[in-house]
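# Structural characterization, general
Residue strings, one per chain:
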Amino acid sequence: MSDVLPEEVTALAEAVGPEPDELVEEMDARAEREGFPTVGPAVGGWLALLARVVDARRVFEFGSGFGYSAYWFARELPADGEVVLTEVDRDELEDARTYFERAGLADRARFEHGDAIETVTEYEGPFDVVLVDNEKSRYVEAFEAVREKVREGGLVLADNAVTAGPIDRTDVLALLSGESVEASDASRGIADYLGHVREAEGFETALLPLGEGVAVSVRRD
Ligand SMILES: C[S@@+](CC[C@H](N)C(=O)[O-])C[C@H]1O[C@@H](n2cnc3c(N)ncnc32)[C@H](O)[C@@H]1O
C-alpha cells in the first residue's frame, strides 16, 4: 500500500473504526508479509460503513485477491445477502474461500474463478455495491459491464483512484484536465475511468482520498 494521506492520518482513521476482527488482522499481516495490495484497514472500514449506509444485500467485486475487501463487505450483509468474489488467480480465490469458511460467512459468498468482466455478464442485478479493483486499464470496461445492474441509490467504488505502483497522480490530473502527457497504462486507465464516471449519465462521483484513493459513484437514476 502507498497511502495518499500521511501515515498518522491513516492511523487515526484506523483507530476511529470500524473495528477489524482477528481474521482481518491476520489478513493484514499476510498482505504486509507478501506485499499484496489489499485496500487496507482504513478503506476496509469505509467499505463496511458504505455497505451499511445503503443497506447492502448484494455486492459484486471485480478483482478479489484473497478476499480482504470482500470480507469487510460480508460482515455487513444480512444472512441471506451475497458478495460475489471474482479472481483470475485460483489459489488466491481458494484462500478467500478458506477465510470465509473459517469466519462462518461462506454461505453469503460466491467464489468465481476467471475474468470478472466476463463473470458479471452471468449475473443479473440489482447490486447495491460494486467494487472495481481489477486491471486499471479495464476499469471503464468494468463500469460499463455493471452500470445497469446497480440499483438506484447503489454505489460503484473504484480503488486506486489516486495511486498504486505504476499510477502517477500528477499524470492522472494532467490527463483529466485534457493535457497530453507521457503516462503509464495504469495512469491512463485511471484518468479514463475518472473522466468516464464524471460524465456518466445517472451517476454522481466524488473522491475519497483515503488509502490509495477510492472513487465513489452513486447511481441517482
Ligand atoms: C488489487 S488486488 C484486489 C484486492 C482486493 N480487492 C482487496 O482489497 O483485498 C487485484 C486482484 O484482481 C485480480 N484481477 C486482475 N484482473 C482481473 C480480472 N479481469 N478478473 C478477475 N480478477 C482480476 C488480480 O489477480 C488481483 O488479485
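Note: the structure precedes this text.
Below or above, wherever it landed, is the structure these notes cover. Numbers given to residues run from 1 along each chain, matching the order in which its sequence is written. Whole-chain, interface and lining totals are the exception, using all residues; otherwise, since this is a predicted model, local features are given only for residues with pLDDT of at least 70 and side-chain atom pairs are given and counted only at 80 or more. Excluded from the side-chain calculation are hydrogens and water; included are all heavy atoms of the structure.

### Side note on the pairing of strand β6 (residues 203–208)
- A pair of strands is treated as paired once DSSP finds two or more bridges between them. Secondary structure elements are taken from DSSP: a helix is a run of H or I of four residues or more, a strand is a run of E of two residues or more, and numbering for both begins at the N terminus. Bridge analysis of β6 against strand β7 (residues 214–219) gives 6 bridges, and the strand direction is antiparallel. Paired with E204 across the bridge in β7 is V218.

### Considerations on the environment of G65
- In this structure, G65 sits in the loop between β1 (58–62) and α4 (68–74).
- Measuring from C-alpha to C-alpha, the distance between G65 and T86 comes to 8.1 Å, with 21 residues separating the pair along the chain.
- Contacts are residue-level and defined by heavy atoms, with any inter-residue pair within 4.5 Å sufficient. With residues up to four places along the chain from it excluded, the contact list for G65 reads F36, E87, E92, L93 and A96.

### Examining the pattern of salt bridges
- By definition, a salt bridge exists where a carboxyl oxygen of Asp or Glu is found within 4 Å of a side-chain nitrogen of Lys or Arg. Under the defined criterion, the tally for this structure stands at 20 salt bridges.
- In this structure, the salt-bridge partner of E26 is R102, at a minimum N-O distance of 2.8 Å. Of the two residues, E26 sits in helix α2 (residues 22–34) while R102 sits in helix α5 (residues 90–103), which places them 76 residues apart along the sequence.
- Counted as one network, the salt bridges with shared partners bring together R30, E34, E92 and D95.

### Describing the nonpolar core
- Within this scheme, the nonpolar core is defined by two criteria: the residues are buried Ala, Val, Leu, Ile, Met, Phe, Trp, Tyr or Cys, and they are joined through side-chain atoms within 4.5 Å. Throughout this description, buried means an accessible area under 20% of the type-specific maximum (1.4 Å probe, protein chains only), exposed means over 50%, and partly exposed covers the range between. Grouped together as the largest cluster of nonpolar side chains are 39 residues, with contacts concentrated most on F73, V83, L85, F100 and L157.
- Core analysis: the next-biggest nonpolar cluster, separate from the first, contains 31 residues, V150, A161, A186 and V197 among them.

### Observations concerning the site of the ligand
- In the vicinity of the ligand, 19 residues are found, and the nearest of them are E87, D115, A116, D133 and E135.
- Residues adjacent in sequence count toward polar contacts only when both atoms are side-chain atoms; beyond that, a polar contact is any pair of N or O atoms within 3.5 Å, and within protein one must be able to donate a hydrogen and the other to accept it. The contact in question runs from an oxygen atom of the ligand to an N or O atom on the backbone of V39, over 2.9 Å.
- Separating a nitrogen atom of the ligand from a side-chain N or O atom of S69 is a distance of 2.9 Å.
- Values of accessible area rely on a 1.4 Å probe in the Shrake-Rupley scheme; residue burial ignores everything except the protein chains shown. Protein burial of the ligand: of its 610 Å² of free accessible surface, 89% is covered by the chains.
- Residues are grouped as follows: Ala, Val, Leu, Ile, Met, Phe, Trp, Tyr, Cys and Pro are nonpolar; Asp, Glu, Lys and Arg are charged; all remaining types, including Gly, are polar. Of the residues assigned to the shell around the ligand, the class counts are 7 nonpolar, 7 polar and 5 charged. Here a residue is near a molecule or strand as soon as one of its heavy atoms is found within 4 Å of it.

### Brief notes about the packing of helix α8 (residues 169–176) against helix α9 (residues 185–199)
- As a packed pair, α8 and α9 sit with axes 9 Å apart at the nearest point and diverge in direction by 45°. What the angle tells us is that α8 and α9 run oblique. Viewed along their axes, α8 and α9 form a crossing whose handedness is right-handed. Facing α8, whose interface residues are D171, V172, L175 and L176, α9 presents S187, R188, I190, A191, L194, G195 and R198.
- Partitioning the contact of α8 with α9 into residue classes produces 6 nonpolar, 2 polar and 3 charged. The convention used is that axes are lines fitted to C-alpha atoms, helices contributing only their stretch in contact, and that angles between N-to-C directions extend from 0 to 180 degrees. For classification, angles of less than 35 degrees are called roughly parallel, those exceeding 145 degrees roughly antiparallel, those between 65 and 115 degrees roughly perpendicular, and all remaining angles oblique. Rotating anticlockwise by less than a right angle from the far helix to the near helix defines a left-handed crossing, while the corresponding clockwise rotation defines a right-handed one.

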